[in-house]
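Chain residues, written in single-letter form:
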Amino acid sequence: MTPERRRAIWAIYVWCRRTDELVDGPNASHMSALALDRWESRLEDAFAGRPYDMLDAALAHTVAAFPVDIQPFRDMIQGMRLDLTKPRYGTFDELYLYCYYVAGTVGLMTVPVMGISPDSTAATETVYRGALALGLANQLTNILRDVGEDARRGRIYLPLDELEMAGLSEDDIFSGRVTDRWRGFMRGQITRARAFFRQAEEGAAELNQESRWPVWASLLLYRQILDEIEANDYNNFTKRAYVPKAKKIVALPKAYYRSLMLPSSQRHFSSLT
Ligand SMILES: CC(C)=CCC/C(C)=C/CC/C(C)=C/CC/C(C)=C/[C@@H]1[C@@H](COP(=O)(O)OP(=O)(O)O)[C@]1(C)CC/C=C(\C)CC/C=C(\C)CCC=C(C)C
Ligand SMILES: Nc1ncnc2c1ncn2[C@@H]1O[C@H](COP(=O)(O)OP(=O)(O)OP(=O)(O)O)[C@@H](O)[C@H]1O
Ligand SMILES: [Mn+2]
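Residues numbered from 1 in each chain as written. Chains lettered and ligands numbered in written order. Predicted model: local features only at pLDDT ≥ 70, side-chain atom pairs only at ≥ 80, totals over all residues. Heavy atoms only, no water.

Naming follows an unreviewed UniProt entry, where the protein chain appears as 15-cis-phytoene synthase of Oryza brachyantha. Comment text from UniProt for the protein chain, heading Catalytic activity (unreviewed entry), reads "2 (2E,6E,10E)-geranylgeranyl diphosphate = 15-cis-phytoene + 2 diphosphate". The UniProt entry for the protein chain carries the following comment under Sequence similarities (unreviewed entry): "Belongs to the phytoene/squalene synthase family." (UniProt positions renumbered as here; feature names shortened; annotations may be inferred.)

Here is the structure:
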């Protein structure tokens, strides 16, 4: 990316990371709804050009330099509120909303920084839909990778109705045995995550040339975690799926190659792979 964009993405990343640390970090047990409310008014101040510390100042600078909207930032804080209060998701609709709050929002925050290609003929909406899809796909992948880890914290980020349809109960998650029912359930969840990655590709192709490589890289790298879950025979209870360094390195030139391609040939490429 250009140095200006790189710094702006960094400032947004830091804000997201700090927001996540509020509910996941070492002080998480002292977190309350009140503290999240305070974090939100601090966000409003940063957007109004009144940063509270240096890291907020980087965000204030970013939102002054790029047409970034505050709403996805508010929504991410809302996702953290859910994390404090909601331990179960009854349906995929409920889970989708959570994934929008904590991850789809990242796509909406970053598109105004990365910019849309001047050669793009796609509707702006297509680009945002793709950005949203990349956030959702990443979060769904994160959830599928961490089923065991989350269960040990008493949390299940899987649609309970779909578990039930697969003949699985909450206890099956807590006991963590890889059965054929579990494999079948996981296959369906992985297929859905891949569909969101596929939709993200359509948006990524429309971004500014200078911004495409990092986005393609993050897409290709994170999506491979799904392949690794399969390679682990769906044991995401006691094994953490990860992409080995050699595979990561191989993905970078692939991402670069795809970042050079025009949207029309992207579609052709997608239909071949
Ligand atoms: C058109 C098009 C395709 C544009 C690209 C849009 C784009 C760059 C989308 C990026 C989406 C993205 C990186 C989403 C992150 C999803 C994620 C994993 C969120 C995590 C939430 C909390 O989950 P959980 O608590 O279950 O996870 P942990 O156990 O804590 O890991 C997050 C941790 C929320 C906070 C999110 C971040 C820290 C990531 C922010 C990243 C950026 C701002 C950089 C994005 C830029 C590029 C170039 C990839
Ligand atoms: N918008 C931003 N996003 C992220 N980090 C930033 C941002 N603005 C500044 N920084 C960080 O603060 C440091 C000091 O900022 P400053 O604007 O003085 O830039 P600099 O590195 O001195 O470069 P230059 O003088 O060319 O602007 C930067 O090096 C960078 O690490
Ligand atoms: Mn987290």
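## A few points about the coordination of the manganese ion (ligand 3)
Here the manganese ion (ligand 3) is held by Asp 20 (OD), Asp 20 (OD) and Asp 24 (OD), and the distances to it run 1.7 to 2.7 Å. One end of the pair is Asp 20 and the other is Asp 24, both in helix H1 (residues 3-24) and 4 residues apart, which spans about a single turn. Owing to a relative accessible area of 18%, Asp 20 belongs among the buried residues under this scheme. (Donors = N, O, S within 2.8 Å, 3.2 Å for Na, K, Ca; no water. Helix = DSSP H or I, 4+ residues; strand = E, 2+ residues; numbered from the N terminus. Buried < 20%, exposed > 50% of the residue type's maximum accessible area, 1.4 Å probe, protein only.)

## What to know about the site of ligand 1
Around ligand 1, the structure places 28 residues, and the nearest of them are Asp 20, Asp 24, Asn 138, Gln 139 and Asn 142. Between an oxygen atom of ligand 1 and a side-chain N or O atom of Asp 20, the distance comes to 2.9 Å. Computed on the free molecule, ligand 1 has an accessible area of 1,000 Å², of which 87% lies beneath the protein chains in the complex. Of all the secondary-structure elements, those providing two or more residues to the shell around ligand 1 are H1, helix H5 (92-114), helix H6 (124-145), helix H10 (180-204) and helix H11 (209-231). Take the shell around ligand 1: its biggest share by element is 8 residues, from H6. Both domains that furnish three or more residues to the shell around ligand 1 are identified here as domain 1 (1-72) and domain 2 (86-272). (Near = heavy atom within 4 Å. Polar contact = N/O pair within 3.5 Å; in protein donor to acceptor, adjacent residues only side chain to side chain. Areas by Shrake-Rupley, 256 points an atom, 1.4 Å probe, with all protein chains shown as cover. Domains from an automatic or database assignment.)

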